[in-house]
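So the chains spell out like this:
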Amino acid sequence: MSVAKKEYKRVTVKSLIEMKQNGEKISMLTAYDYSMAKIVDAAQVDVILVGDSASNVIAGHETTLPITLDQMIYHASSVVRAAKRALVLVDIPFGSYQSDSKEALRSAIRIMKESGGHAVKVEGGEEIKESVSRILQAGIPVMGHLGLTPQSIYKFGTYTVRAKEEEEAQKLKEDAKMLEELGCFGIVLEKIPAKLAKEVAESVSIPIIGIGAGNGVDGQVLVVHDLLGMTHEFNPRFLRRYMNLYEDMGSAISQYVDDVKSKDFPNENEQY
Ligand code: KIV
């Protein structure tokens, strides 16, 4: 289905707020390297998230905790070189902003200076208020991330839906309001009830981007490897797979192995 949308040569934080005002949904997708980011950008995805999910998807760690600031800067700088239209948003990794607000600002500045990214994302609400505020004061756009925040996985214990109980839902609503008031340009809501996500999206003027948060929000984000079906063991209900690259790539690579073994590759036209 084609949708009416305004043309943007370069998506900025202002464009995203305008999209919300115009009722245009925002598309956001991860990428961690140059080649993937080129494809994602050419497909007109509005925001490319250099997520700390690179820790799982690229490095094979069980959680997002091990990835370092240097590694995030390396991924982000590769993505920035590819992105001609999309806004490049970079996760500040675990351990680089929680201890104090000065450290948070130093980390955000390193990301902006060394990778050329356009904005940063941090997980949490009230607990990281000072850090968010200090980064914003330096002129760096910040996106919040509430609900299931994978950097706190050991506190939660599981990756199940968050904020089903009234107390947690209330705190989430307050945190979202607080992030808006501080000056964040948007918030990711991960794995929370759709009704609550819609309520939050309607109560703030900044874009709310959902992952596992239903259709009542202002935009959606997915991990590109999940959407393409490369991570075939990850099957949450919220995931829509558009391809089965795990199988397609596997068969192509098996075919290559057969061709080499059978001496079919290279043939006369594939040599000098
Ligand atoms: O790191 C990431 O990919 C994310 C998304 C799941 C929102 O934070």
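The rules behind the values
Residues numbered from 1 in each chain as written. Predicted model: local features only at pLDDT ≥ 70, side-chain atom pairs only at ≥ 80, totals over all residues. Heavy atoms only, no water. Helix = DSSP H or I, 4+ residues; strand = E, 2+ residues; numbered from the N terminus. Contact = heavy atoms within 4.5 Å. Areas by Shrake-Rupley, 256 points an atom, 1.4 Å probe, with all protein chains shown as cover. Lys, Arg positive; Asp, Glu negative; His and termini not counted. Charge placed at Lys NZ, Arg CZ, Asp CG, Glu CD. Buried < 20%, exposed > 50% of the residue type's maximum accessible area, 1.4 Å probe, protein only. Near = heavy atom within 4 Å. Polar contact = N/O pair within 3.5 Å; in protein donor to acceptor, adjacent residues only side chain to side chain. 1 Å grid on protein atoms, 1.4 Å probe; cavity = no way out; pocket = protein on both sides within 12 Å on 5 of 7 lines; lining within 4 Å. Sits in = over half its atoms within 2 Å of the grid points. Nonpolar A, V, L, I, M, F, W, Y, C, P; charged D, E, K, R; others polar. Pairing = 2+ DSSP bridges. Right-handed = clockwise from strand over helix to strand, strands pointing away. Points joined across faces, edges and corners; volume = space filled by probe spheres on them. Salt bridge = Lys/Arg side-chain N within 4 Å of Asp/Glu carboxyl O.

Participant: I tried to follow the overall build of the protein on my own but got confused; where do I start?
Facilitator: Scanning the protein from terminus to terminus reveals 11 helices and eight strands. Counting only C-alpha atoms, the protein reaches 65 × 40 × 35 Å along its principal axes. By sequence separation, contacts in the protein at least 24 residues apart represent 58% of the contacts at least 6 residues apart. Of the roughly 14400 Å² that the protein leaves accessible, carbon and sulfur atoms contribute 53%. Here the protein contributes 32 positive and 38 negative side-chain charges, whose respective centroids are spaced 5 Å apart.

Participant: I keep staring at the environment of Gly125 and nothing clicks. Help me out?
Facilitator: With respect to the secondary-structure elements, Gly125 resides in the loop between β4 (119–121) and α6 (129–137). The class for Gly125 is buried, based on a relative accessible area of 1%. A C-alpha to C-alpha distance of 7.8 Å links Gly125 and Gly144, two positions 19 residues apart in sequence. Excluding its chain neighbours within four sequence positions, the residues that come into contact with Gly125 are Leu146, Asp175 and Met178.

Participant: When you look at the site of the ligand in this model, what are you seeing that I'm missing?
Facilitator: Neighbouring the ligand are the residues Thr30, Leu49, Gly51, Asp52, Ser53, Asp91, Lys121, His145, Val188, Glu190, Ile211 and Val223. Contacts to the ligand include Asp91, whose side-chain N or O atom sits 3.1 Å from an oxygen atom. Summarising the interface, the protein chains cover 95% of the accessible area of the ligand, which totals 260 Å² for the free molecule. In this structure the site holding the ligand corresponds to the second largest pocket. Partitioned by chemical class, the residues of the shell around the ligand number four nonpolar, four polar and four charged.

Participant: What's the story with the pairing of strand β1 (residues 26–30) in this structure? I'm lost.
Facilitator: Burial analysis of β1 places four of its five residues in the buried class, the great majority of the element. The sheet contact formed by β1 and strand β2 (residues 47–50) spans three bridges and is parallel. What sits directly across from Thr30, in β2, is Leu49. Handedness of the crossover is the feature at issue here: the chain leaves β1, passes through helix α2 (residues 34–42), returns alongside β2, and the resulting connection is right-handed.

Participant: Can you walk me through the layout of surface pockets in this structure?
Facilitator: Gaps left between atoms are located by rolling a probe of water-molecule size over the structure's atoms. By volume, the largest pocket is sized at about 1400 Å³. In terms of lining, the largest pocket is formed by 36 residues, of which the most central are Asn215, Gln220, Leu222, Arg240 and Tyr242. Of all elements in the fold, only β1, β7 (208–211) and β8 (219–222) reach the threshold of two or more residues within the lining of the largest pocket. The residue makeup of the lining of the largest pocket, split by class, is 19 nonpolar, nine polar and eight charged. In this structure, the second largest pocket encloses a volume near 630 Å³. In terms of lining, the second largest pocket is formed by 27 residues, of which the most central are Ser53, Asn56, Glu190, Val223 and Phe234. The set of elements that each furnish at least two residues to the lining of the second largest pocket consists of α3 (54–57) and β6 (186–190).

Participant: Please explain unusual backbone geometry as it appears in this structure.
Facilitator: Trans is the common state for peptide bonds, and a negative phi is the common state for residues other than glycine. Cis rather than trans, the peptide bond between Phe265 and Pro266 has omega equal to -5 degrees. Relative to the helices and strands, Pro266 resides in the segment after α11 (245–261). Its identity as a non-glycine residue notwithstanding, Gln44 has a phi of 70 degrees, on the positive side. Structurally, the position occupied by Gln44 is in the loop between α2 and β2. One non-glycine residue, Lys191, lies in the positive phi region at around 50 degrees. You can see Lys191 is positioned in the loop between β6 and α9 (194–203).

Participant: Hey, could you run me through the pattern of salt bridges in this one?
Facilitator: Pairing is possible between side chains of opposite charge, provided their charged atoms come close. Scanning the model with the defined rule gives 12 salt bridges in all. In this structure, Glu18 engages Lys6 in a salt bridge whose closest nitrogen and oxygen atoms are separated by 2.9 Å. Linking Glu18 in helix α1 (residues 13–22) with Lys6 in the segment before α1, this pair joins segments that are 12 residues apart in sequence. Of the residues examined, Lys6 reaches a relative accessible area of 43% and is grouped as partly exposed. One salt bridge in this structure joins Glu180 and Lys177, with 2.8 Å as the shortest N-O distance. Taken together, the positions of Glu180 and Lys177, both in helix α8 (residues 166–182) and three residues apart, correspond to about one turn of that helix. Through salt bridges with shared partners, a single network forms among Asp70, Arg110 and Glu114.

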